[in-house]
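Listed below are the residues making up each chain.
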Amino acid sequence: PMSLTNKTALVTGSSRGIGRATARQLAAKGALVAVHYADNEAAARETVETIENDGGRAFPVRAELGTTGGVHELFLGLEQGLKERTGETTLDILVNNAGVTTPAGVAPEDVTPEDFDRLFAVNVRAPFFIVQRALGLLPEGGRIINISSGLTRFASPDQVAYSMTKGAVEQITLHFARHLAPRGITVNSVAPGITNNGSAVFDIPEAVEQMAQFSAFKRVGEAVDVADVVTFLATGEARWITGAFIDATGGTLLG
Ligand code: NDP
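Below is a short write-up of the structure. Per-chain numbering applies: the sequence of each chain, read as written, is numbered from 1 onward. Per-residue local features are limited, in this predicted model, to residues with pLDDT of at least 70; the limit for side-chain atom pairs, both in listing and counting, is 80 or more; totals at the level of whole chains, interfaces and linings are taken over all residues. Only hydrogens and water are set aside when side-chain values are computed; all heavy atoms of the structure are taken into account.

**Focus on the site of the ligand**
Here is step 1: Close contacts around the ligand come from 31 residues, with Ser15, Arg16, Asn97, Tyr162 and Asn197 the closest.
Here is step 2: Between the ligand and Ile18 there is a distance of 2.8 Å, counted from an oxygen atom to a backbone nitrogen or oxygen.
Here is step 3: Whenever two N or O atoms come within 3.5 Å, that pair is a polar contact, provided that in protein one can donate a hydrogen and the other can accept it, and provided that, for residues adjacent in sequence, both atoms are side-chain atoms. In this structure, Lys166 approaches the ligand through a side-chain N or O atom, which is 2.9 Å from an oxygen atom.
Here is step 4: Here the nonpolar group is Ala, Val, Leu, Ile, Met, Phe, Trp, Tyr, Cys and Pro; Asp, Glu, Lys and Arg are the charged ones; every other residue, Gly included, is treated as polar. Of the residues assigned to the shell around the ligand, the class counts are 12 nonpolar, 14 polar and 5 charged. One heavy atom within 4 Å of a molecule or strand makes the whole residue count as near it.

Shown next as C-alpha cells:
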C-alpha cells in the first residue's frame, strides 16, 4: 500500500505553485487532499482534476485568509468535505503553504503599515489560527508542515517585511513541536529558495538565468522539488524529525 493511504491532508494555497505540487505528491501517495484556494477557482479545480486523473482523491475548499472569519470558513469547508468522504473529520496532515509574497520587493523605506499588516495577516495570523483550529482534528501521529523561506537566513532588504513573517512562521514550528510531541505529532518548517511557481517572471529566460545563480545547483527550484520534501515529512518515515528547519533551497544558503 502507498505510504499515505487512508490519510487526509489540507494544503493551504494549493490552487497553484508549490501548494499545487504538494497536493499532487501527497495524493500520489494515497492521501485524500483538501485543495484550498482564495480566488482562483479554475486553478483549484484543475489541481483537483489532475489529482483525480492520476487516480488520487481531492476536493476544493475556498476561503480568503487574512480576513475576519477566513479560518472559520476554511474549517467549515474542510470538515464538510472530509465528513462527506470519510465519515469523520480527522485531519492527519496540515501544510501551511498559502502566503503572499513581494516578488519584486519593496525597499525598506517604502514598506507601508498596510503592506505590513496584510503580510502578517495572511502569512502569520492565518497559519497560527489554522494550527490552533486543527488541534482538535489532528490524531496521534499527525503532521504539521509550515512553509517558510530561505530568506530567514539570507539578507534581502527589499523583502524585509515578508521575511519577518517567515521568521514568525518558524516560531509556530518551534513552540508547537514541543506542545504536540506528547501526542506524537511532528511540526516542521520547510524553507524553499527561488522556486518556479508558474508566475510570469519564470517565462523570461534572462530573469531565470539570473535567479538560477542563487542555487548551488545553478537552476531555479521546481515546485515539485519542494513538494517532495514536504511529502517526506508527512510520511511515517519522518517520525523522528520535529521542530526542524529543513533547507529546501537547493543549496542557496551555502554562500
Ligand atoms: P503562489 O503565489 O504561486 O500561490 C499562492 C497560493 O496561496 C495560491 O494557491 C493562492 O490562492 C493562495 N493564497 C494567496 N493568498 C491567499 C489568501 N489571502 N487567502 C487564501 N489563499 C491565498 O505561491 P508559491 O507557490 O510561490 O509559494 C507558496 C509558499 O512558498 C508561500 O508561503 C511562499 O511564501 C513560499 N515561498 C515561495 C518561494 C518561491 O520562490 N516561490 C520562495 C520561498 C518561499 P489563489 O490562487 O486562489 O489566490
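Still more to cover.
**Some remarks on the pairing of strand 5 (residues 143-147)**
Here is step 1: Here's how the labels work: a residue is buried when its accessible area is under 20% of the maximum for its type, exposed when over 50%, partly exposed in between, all with a 1.4 Å probe on protein chains only. In this description a helix means any DSSP run of H or I spanning at least four residues, a strand means any run of E spanning at least two, and both kinds are numbered starting from the N terminus. With 5 of 5 residues buried, strand 5 lies mostly within the body of the structure.
Here is step 2: Burial along strand 5 is two-sided: Arg143, Ile145 and Ile147 and Ile144 and Asn146, pointing in opposite directions, are all buried.
Here is step 3: Sheet topology places strand 4 (residues 93-96) next to strand 5; 4 bridges connect them, and they run parallel. Across the sheet, residue Leu94 finds its bridge partner in strand 5, namely Ile144.
Here is step 4: Both strand 5 and strand 6 (residues 186-192) contribute to a ladder of 5 bridges, which runs parallel. Strand pairing is assigned whenever DSSP identifies at least 2 bridges connecting the two strands.

**Notes on the layout of surface pockets**
Here is step 1: A pocket here means an open set of points on a 1 Å grid, computed over the protein atoms alone, that has protein on both sides within 12 Å along at least five of seven lines. A cavity is instead a set of points where a 1.4 Å probe fits but cannot get out; residues with an atom within 4 Å of a point line either one. Grid points are joined across faces, edges and corners, and a volume is the space filled by probe spheres set on the points. Estimated volume of the largest pocket: approximately 1500 Å³.
Here is step 2: Counting only elements with at least two residues in the lining of the largest pocket, the list comes to helix 1 (17-28), strand 2 (32-37), helix 4 (113-134) and helix 5 (160-180).
Here is step 3: Element by element, the count of residues in the lining of the largest pocket is highest for helix 1, at 3 residues.
Here is step 4: Broken down by class, the residue content of the lining of the largest pocket amounts to 22 nonpolar, 22 polar and 5 charged.
Here is step 5: Considering only enclosed or pocket space, the second largest pocket measures out at about 190 Å³ in volume.
Here is step 6: Gly221, Asp225, Ala248, Thr249 and Gly250 are the residues nearest the centre of the second largest pocket, which is lined by 18 residues in total.
Here is step 7: For the lining of the second largest pocket, the elements supplying multiple residues, two or more each, are strand 8 (221-222) and helix 7 (223-234).

**Quick look at empty space enclosed by the protein**
By rolling a water-sized probe across the atoms, one finds the places where empty space is left.
Here is step 1: For the structure on display, the rule yields 1 cavity of 30 Å³ or more.
Here is step 2: Forming the boundary of the largest cavity are 14 residues, of which Asn96, Asn97, Ala98, Asn123 and Pro127 lie nearest the centre.
Here is step 3: Counting residues per element, the ones that place at least two in the lining of the largest cavity are helix 4, strand 5 and helix 5.
Here is step 4: At 4 residues, the largest contribution of residues to the lining of the largest cavity is made by helix 4.
Here is step 5: For the lining of the largest cavity, the residue count by class is 8 nonpolar, 5 polar and 1 charged.

**Regarding the environment of Asp158**
Here is step 1: Residue placement: Asp158 occurs in the loop between strand 5 and helix 5.
Here is step 2: Exposure remark for Asp158: the relative accessible area of 38% places this residue in the partly exposed category.
Here is step 3: For the pair Asp158 and Val106, spaced 52 residues apart in sequence, the C-alpha to C-alpha distance is 4.8 Å.
Here is step 4: Throughout, a contact is declared for two residues whenever any of their heavy atoms are within 4.5 Å. Not counting residues within four places of it along the chain, the set of residues in contact with Asp158 comprises Thr102, Gly105, Val106, Ala107 and Pro108.

**Notes on helix 4**
Here is step 1: With 22 residues, helix 4 should cover 32 Å at 1.5 Å per step; its first-to-last C-alpha distance of 30 Å lies within 8% of that length.
Here is step 2: Given a residue, its bend is the angle between the two axes fitted to the seven residues that end at it and to the seven that start from it. Along helix 4, the helix axis deviates most sharply at Ala121, where the bend reaches about 40°.
Here is step 3: When helix 4 is considered as a whole, its buried residues turn out to be Leu119, Ala121, Val122, Asn123, Val124, Ala126, Pro127, Ile130, Val131 and Ala134.
Here is step 4: Residues of helix 4 that are buried make contact with helix 3 (70-86), strand 4, strand 5 and helix 5. The length a helix should cover is 1.5 Å for every residue beyond the first.

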